[in-house]
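Examination of the molecular architecture
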Amino acid sequence: MNNTEDLIREALAEALDLDVVSVDALSPDEISEAIARLRAKIDEIDAEIIEIVKRRIALSKQIQAIRMAHTGRRLEHSRELQIVNAYVEGLGRGGGQLALAVLELSRGRA
Ligand SMILES: O=C(O)C(=O)C[C@]1(C(=O)O)C=C[C@@H](O)C=C1
């Protein structure tokens, strides 16, 4: 049994709430059901991500407004670098793209 097969079996077993799954024994409807259940979980996570990003944007705008009022500068490049590095550390190279997208949502185009 290779790793991919194990992964699929475990995913199906978890999604369908079964102890052991023989993948070959599942009907097309059961496979569709498993995918629908996994997608529902993804939808929940995406909704949470959207809420969290909205909270982040609000905080970022507060900081930007405060700094703008006190220094006349809205952005802080060194802080943005820290953030990009943290995302790369946490998620690998693609994390950097995500950080840039989050930053753009938070402060507009740099
Ligand atoms: O941390 C700050 O100083 C912010 O203004 C927030 C934030 C961000 O969204 O993370 C936004 C703009 C700055 O250039 C740096 C970071």
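Right above here is the structure, for reference.
In what follows, the accompanying structure is described. (Residues numbered from 1 in each chain as written. Predicted model: local features only at pLDDT ≥ 70, side-chain atom pairs only at ≥ 80, totals over all residues. Heavy atoms only, no water.)

Here the focus is the layout of surface pockets. Within this model, the largest pocket holds a volume of roughly 250 Å³. Arg56, Ser60, Ile63, Arg79 and Ile83 are the residues nearest the centre of the largest pocket, which is lined by 13 residues in total. Those elements giving two or more residues to the lining of the largest pocket turn out to be helix 2 (28–71), helix 3 (77–91) and helix 4 (93–107). The biggest single contributor to the lining of the largest pocket is helix 2, with 6 residues. Among the residues making up the lining of the largest pocket, the classes are represented as 5 nonpolar, 2 polar and 6 charged. Taken together, domain 1 (1–73) and domain 2 (75–110) each give at least three residues to the lining of the largest pocket, which thus spans both. (1 Å grid on protein atoms, 1.4 Å probe; cavity = no way out; pocket = protein on both sides within 12 Å on 5 of 7 lines; lining within 4 Å. Points joined across faces, edges and corners; volume = space filled by probe spheres on them. Helix = DSSP H or I, 4+ residues; strand = E, 2+ residues; numbered from the N terminus. Nonpolar A, V, L, I, M, F, W, Y, C, P; charged D, E, K, R; others polar. Domains from an automatic or database assignment.)

Turning next to the site of the ligand. Taken together, the residues surrounding the ligand are Arg56, Ser60, Ile63, Gln64, Arg67, Leu75, Glu76, Arg79, Glu80, Ile83, Leu103 and Ser106. The side chain of Glu80 places a nitrogen or oxygen atom 2.4 Å from an oxygen atom of the ligand. Notes on the ligand: free accessible area 360 Å², of which the protein chains cover 93%. Grouping the constituent residues of the shell around the ligand by class yields 4 nonpolar, 3 polar and 5 charged. (Near = heavy atom within 4 Å. Polar contact = N/O pair within 3.5 Å; in protein donor to acceptor, adjacent residues only side chain to side chain. Areas by Shrake-Rupley, 256 points an atom, 1.4 Å probe, with all protein chains shown as cover.)

The next point concerns the side chain of Arg107. One can find Arg107 in helix 4. Separated by 2.8 Å, the side chains of Arg107 and Glu80 make a polar contact. Among all residues touching Arg107, those that are not within four sequence positions of it are Gln64, Arg74, Leu75 and Glu80. (Contact = heavy atoms within 4.5 Å.)

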